[in-house]
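# Architecture at a glance
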Amino acid sequence: MKYLTILFLIIAQIKCYSLKKDSISKKTTKVEVISSFYGSVGSTHLPVNFFNKIYFGGFIDESEKGNSYSIAKTQRSGFETDMNFGVNIYQENSELNGWYFSLQNKISAAGKYQQGLYDLIFRGNEDLNQQISLGNTKFHFRNHQLINFGKFYKNFSFGLAIGNILQEYNGIFGEKDLIDFNNNYNWNVVVNPNISFIRNNNSAFKKNGNSLGLNFKIKDDFKSTGLEYELEIKNLGVMLLHSNIETINYDTSFTYSGLSFDQITNINNLSSEISTPFQPYTSSNRIISSTPFEVKFNVVKSINNLELFAGTFYRNNSQYLPNSYFGFNYRNKKKLNYGSNLSYGGYNKFQWGINTSYSTEKINAQIILQNCIGLIPSLGKSLGIVLNLNWKIK
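Residues numbered from 1 in each chain as written. Predicted model: local features only at pLDDT ≥ 70, side-chain atom pairs only at ≥ 80, totals over all residues. Heavy atoms only, no water.

Assigned secondary structure in the chain consists of 5 helices and 22 strands. For the chain, restricting intrachain contacts to residue pairs at least 6 apart in sequence, the fraction spanning at least 24 positions comes to 66%. Only carbon and sulfur atoms are counted for the fraction: they give 60% of the accessible area of the chain, which is about 22,200 Å². (Helix = DSSP H or I, 4+ residues; strand = E, 2+ residues; numbered from the N terminus. Contact = heavy atoms within 4.5 Å. Areas by Shrake-Rupley, 256 points an atom, 1.4 Å probe, with all protein chains shown as cover.)

Here's what the structure looks like:
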């Protein structure tokens, strides 16, 4: 709430300044309020119904656990939300040049794993009679606050992204890590996990981690073909975890053959025997890594009222499969436009999306539905929505 209050005061001051300048020199400074929300959930093998039951509760039946695949097949699952609110401040008598400022909150969680590990957790080990490799297993959970600001021109913009890291969890298992089943009651486990995380603290400003990144966008056209292109990079930089870092890093192997009756009945000792070998410890070392930056490249071809586009999108260190897409937008010379697209990648595979936008001189609103099949939770493996609203203040 404090960020919204600060932003409101900034807009009010800009508006007052603009009116004062207007009264003196008849020049105008335009301010555009920008806001967006993005939320999605997806998986390469799980229906949306599975995530509904995880979040809202309920019994997960067999049909909601996804299809059975080879235990060596690599799968991905994840969710993300992104909320952004800010302003574009245009230079006097200019519709193209100015400054931007926004506050952003990004939350995401995802995992990359083999089908066998998922089957072990949600279906049990009764039908598993071979090794399960953990070497491809990675996961993350993060909650970042970002302040974005910079300068924009007609075909170019650049700026900085300064981040407060509220939470950052990252985990990866060793290349040769595995679980081997001799029988239902005797497991050979070889693990060398490298897990690090920081939790949120009570301070409003001083967090346990920070980040600094570069925002950059360029758009132009290929004059010989009539194609327009756009390259955008967001938050390319470094991330520093500097306080209260907890880690789990063990190189061990053991044989698990169940628990004795005495262990099961002695509740006090049972929890300590299970958790002690893998309890996290606080590390005094700082962790420096690259930010979860994003890269997007887009090509557009306009033919009368039809706009054809194609591109690719990548997010770093997020178990995110590079996403490729193509589609169209139809401009009907009215305030309401619409379009559709097909994509492959992300936390899902194929997706069919639709979008519509409403534009006037002062307002631009857009809604994007990323996978129509996801509206049927038992069939769709992903569902995402994007909401954009811009309002120009004169």
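Once that is clear, we can look at the side chain of His-45. In this structure, His-45 sits in the loop between β1 (31-43) and α2 (48-56). A distance of 2.8 Å separates polar atoms of two side chains, one belonging to His-45 and the other to Tyr-113. Apart from residues no more than four positions distant in its own chain, His-45 is found in contact with Gly-66, Asn-67, Tyr-69, Gln-75, Arg-76, Ser-77, Tyr-113, Gln-115, Tyr-118 and Lys-381. (Polar contact = N/O pair within 3.5 Å; in protein donor to acceptor, adjacent residues only side chain to side chain.)

Once that is clear, we can look at the pattern of salt bridges. In the structure shown here, the tally under the stated rule is 11 salt bridges. The partner of Arg-123 in a salt bridge is Asp-119, with the nearest N and O atoms 2.7 Å apart. Placement of both Arg-123 and Asp-119 in helix α3 (residues 115-123) is noted, with a separation of 4 residues, approximately one turn of the helix. When salt bridges with common partners are traced through the structure, they connect Glu-80, Asp-82, Lys-106, Glu-294 and Arg-315 into a single cluster. (Salt bridge = Lys/Arg side-chain N within 4 Å of Asp/Glu carboxyl O.)

Pairing analysis gives 9 bridges linking strand β19 (residues 336-346) to strand β20 (residues 350-359), with the strands arranged antiparallel. Pairing of Ser-343 across the sheet is with Gln-351, part of β20. Where β20 lies against strand β21 (residues 363-369), 6 bridges are found, and the strand directions are antiparallel. Among the inter-strand pairings, Ser-357 is bridged to a residue of β21, identified as Gln-366. Joining the antiparallel neighbours β20 and β21 is a turn of 3 residues. (Pairing = 2+ DSSP bridges.)

To continue, consider α3. Within the sequence span of α3, burial applies to Gln-115, Gly-116, Leu-117, Tyr-118, Asp-119 and Leu-120. Residue Gly-124 follows α3 closely and has a positive phi angle near 85 degrees. (Buried < 20%, exposed > 50% of the residue type's maximum accessible area, 1.4 Å probe, protein only.)

In this section: α2. An α-helix turns once every 3.6 residues. As a result, residues three or four positions apart point the same way. Buried residues of α2: Val-48, Asn-49, Phe-50 and Phe-51, and no others. Where α2 is buried, its residues touch β1, β2 (74-90), α3 and β22 (382-393). Looking one or two places after α2, you find Gly-57, whose phi comes out positive at around 95 degrees.

A cluster of nonpolar side chains, contributed by Ile-147, Phe-149, Leu-160, Ile-162, Leu-212, Leu-214, Leu-236, Val-238 and Ile-288, occupies part of the molecular surface with about 750 Å² of accessible area. The set of elements that each furnish at least two residues to the nonpolar patch consists of β5 (138-152), β6 (156-172), β10 (209-222) and β11 (227-241). Positionally, Ile-147 belongs in strand β5. (Patch = residues over 30% accessible without salt bridge, like charges linked within 9 Å, V, L, I, M, F, W, Y side chains within 5 Å.)

Turning our eyes to something else, we now look at the confidence of the model for the chain. For the chain, the average pLDDT comes to 84, and 84% of its residues sit at 70 or higher. Element-level mean pLDDT values for the chain span from 48 in helix α1 (residues 2-25) up to 96 in β5. Under a pLDDT of 50 for its full length, residues 17-26 has, in the predicted model, 6 contacts with residues more than four places off or in other chains. (pLDDT = per-residue confidence, 0-100.)

Its location among the elements puts Leu-369 in strand β21. In this structure Leu-369 comes out as buried when scored by relative accessible area, which is 17%. Residues Leu-369 and Ser-340 lie 29 residues apart in sequence; the distance between their C-alpha atoms is 9.3 Å. Ignoring sequence-local partners within four residues, the contact set of Leu-369 consists of Gly-353, Ile-354, Leu-375, Leu-383 and Gly-384.

Our focus in this paragraph is the packing of aromatic side chains. Applying the stated rule across the entire model yields 17 aromatic pairs. Between Phe-50 and Phe-122, the aromatic rings sit 5.3 Å apart at their centres with planes inclined by 75 degrees, giving edge-to-face as the arrangement. Remark: Phe-122 occurs in helix α3 and Phe-50 occurs in helix α2; sequence separation between them is 72 residues. Ring centres of Tyr-169 and Phe-197 lie 5.1 Å apart, and the angle between their planes is 5 degrees; this geometry places the pair in the stacked category. With Tyr-169 in strand β6 and Phe-197 in strand β9 (residues 194-198), this residue pair connects regions lying 28 residues apart in the sequence. (Phe/Tyr/Trp six-rings, centres within 6.5 Å; stacked < 30°, edge-to-face > 60°.)

As a rule of thumb, non-glycine residues mostly have phi less than zero, and peptide bonds are mostly trans rather than cis. A positive phi angle is found at Asn-304, which is not glycine, with a value near 55 degrees. When you line up the elements, Asn-304 lands in the loop between β16 (294-303) and β17 (306-315). Classification of Asn-304 as exposed rests on a relative accessible area of 71%. The backbone of Gln-319 sits at a positive phi, close to 55 degrees, despite the residue not being glycine. Its place among the elements puts Gln-319 in the loop between β17 and β18 (321-330).

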